[in-house]
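# Descriptive structure summary
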Amino acid sequence: MTRPRRSALFMPASNARAIEKARGLDCDVVILDLEDAVSPDQKVAAREQAVAAVREGGFGRRELVVRVNGPDSGWGADDLAALAGAAPDAVLLPKVSSEDTLRAARAPLGAGPALWAMIETCRGIVDLAGIVAAAAETGLAALVLGPNDLAKEMRCRPGIDRAPLLPAMSQLVLCARMAGIAALDGVCNAIDDPARVEAECRQGLAWGFDGKTLIHPSQIAPANAVFSPGEDEIAWARAIVDAFDDPANAGKGAIRVGGKMVELLHRDDARRTLAIAAAVAG
């Protein structure tokens, strides 16, 4: 099943009102956060609220993900143990720097939720090929760029164009595609600048990301708009699929559609576009 992940909104699991609000927002993914958005004195309460929210459900079509604390934090092991019986759609692991982190998380979770990996360290970028090589074994389903922590560790200063991070962004998308898993762009810190949010979304789309992680509900609309196939894109995709489905073109690897040469790889991409459009519409 093709699931749209245009907008993945972080919500602090320590805030019961935020969790309830998330059930009615137009995002594709809700990420209940136990890590950065939660102060140390609220970690245990946030964990309990996240588990209760997962069990209660009510998130509809939204994919429900819980970001746990890191294994060295003092809370991470208990987070994983608590989620083992709660069964969210996925567990997001922070600062994944090697496949060993995936294996260590898979053991307490059992065969339940998928794993998502935050890639936000220099080693994580350098060792991405090894991390995604363990995707099938560990149930890794998505890579998520963590631009703030990565920029801090790199000591770089990304501007509006995010130029220092572009090589890392490209590497993340390449490795996600190599493994056949999702790739989500990192958050935009600008809450009151919708134009900048839209610009980052368009940049992420151009770079090959499936969607973007968000930190405020106001960022959902631009993310959904940018990462949704447009009418012209849908029409072109349908034309390609219909042309290849025509019995007259059976067995052909390349055909002419609308004055352009298209190949089977274009048909496959067109089918994905139509599947995303259908999922968004449905």
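Here is a short report on the structure shown in this document. Along each chain, numbering runs from 1 in the same order as the chain's sequence is written. Given that the model is predicted, a residue must reach a pLDDT of at least 70 before its local features are reported, and side-chain atom pairs must reach 80 or more before they are shown or counted; all residues, however, enter totals for whole chains, interfaces and linings. With hydrogens and water stripped out, all remaining heavy atoms of the structure feed into the side-chain values.

### Brief notes about the nonpolar core
As a rule of thumb, soluble globular proteins bury nonpolar side chains together. Quick note on the threshold: Take the buried Ala, Val, Leu, Ile, Met, Phe, Trp, Tyr and Cys residues and link them wherever side-chain atoms come within 4.5 Å; each set so joined is a nonpolar core. With a 1.4 Å probe rolled over the protein chains alone, any residue whose accessible area is under 20% of its type maximum counts as buried; one over 50% counts as exposed, and the rest are partly exposed. Labels follow the DSSP assignment, with helices taken as runs of H or I lasting at least four residues and strands as runs of E lasting at least two, numbered in each case from the N terminus. Contacts are assigned to residue pairs with any non-hydrogen atoms lying within 4.5 Å of each other.
If you look at the biggest cluster of nonpolar residues, it comprises 64 residues, and the most contacted ones within it are L32, L93, I119, L140 and L143. Ranked by residue count, the leading element in this core is helix α9 (residues 166-179), at 7 residues. Residues contacting I119, with those up to four places away along its chain left out, are V96, G124, I125, L128, I131, L143, V144, L145, G146 and L172.

### Description of the sheet that holds strand β6 (residues 140-145)
What counts here: Strand pairing is defined by DSSP finding a minimum of two bridges between the two strands. Note on definitions: angles span 0 to 180 degrees between N-to-C directions of axes, and those axes are lines fitted to C-alpha atoms, for helices only across the stretch in contact.
What the 8 strands build is a closed barrel, ordered β1-β2-β3-β4-β5-β6-β7-β8; its pairing is parallel. Each strand of the sheet is rotated relative to its neighbour by a mean of 25°, with strand direction disregarded. Where helix α4 (residues 99-109) meets the sheet, its contacts fall on β4 (90-93), β5 (114-119) and β6, and the angle it forms with β5 comes to roughly 150°.

### A look at the pairing of β6
Most of β6 sits out of view: 5 of its 6 residues are buried. As judged from the 5 bridges shared by β5 and β6, these two strands associate in the parallel manner. Residue pairing for β6: W116 is matched across the bridge by A142.

### Focus: the pattern of salt bridges
Formally: Each salt bridge in this description consists of a side-chain nitrogen of Lys or Arg and a carboxyl oxygen of Asp or Glu lying within 4 Å of one another.
Following the criterion strictly, the structure yields 26 salt bridges and no others. In this structure, E63 and R5 form a salt bridge, with 2.9 Å as the shortest nitrogen-oxygen distance. Placement of the pair is E63 in strand β3 (residues 63-67) and R5 in the segment before β1 (7-12), with a sequence separation of 58 residues. The salt bridge partner of R123 is D127, with a shortest N-O separation of 3.1 Å. You can call D127 partly exposed: its relative accessible area is 27%. Each of D33, E35, D36, R67, K95 and D149 takes part in a single network of salt bridges with overlapping partners.

### Section: unusual backbone geometry
Positioned with a positive phi, A87 is a non-glycine residue whose angle comes to about 60°. Within the element layout of this structure, A87 appears in the loop between α3 (76-84) and β4. For K95, which is not glycine, the phi torsion reads 50° and is therefore positive. Here K95 is to be found in the loop between β4 and α4.

### Description of the pairing of strand β10 (residues 260-263)
Where strand β9 (residues 254-257) meets β10, 4 bridges bridge the pair, whose relative direction is antiparallel. Each residue of the ladder has a partner; that of R256, found in β10, is M261. Counting the residues between successive antiparallel strands, the hairpin from β9 to β10 contains 2 residues, one of them, G258, with a positive phi of roughly 55°.

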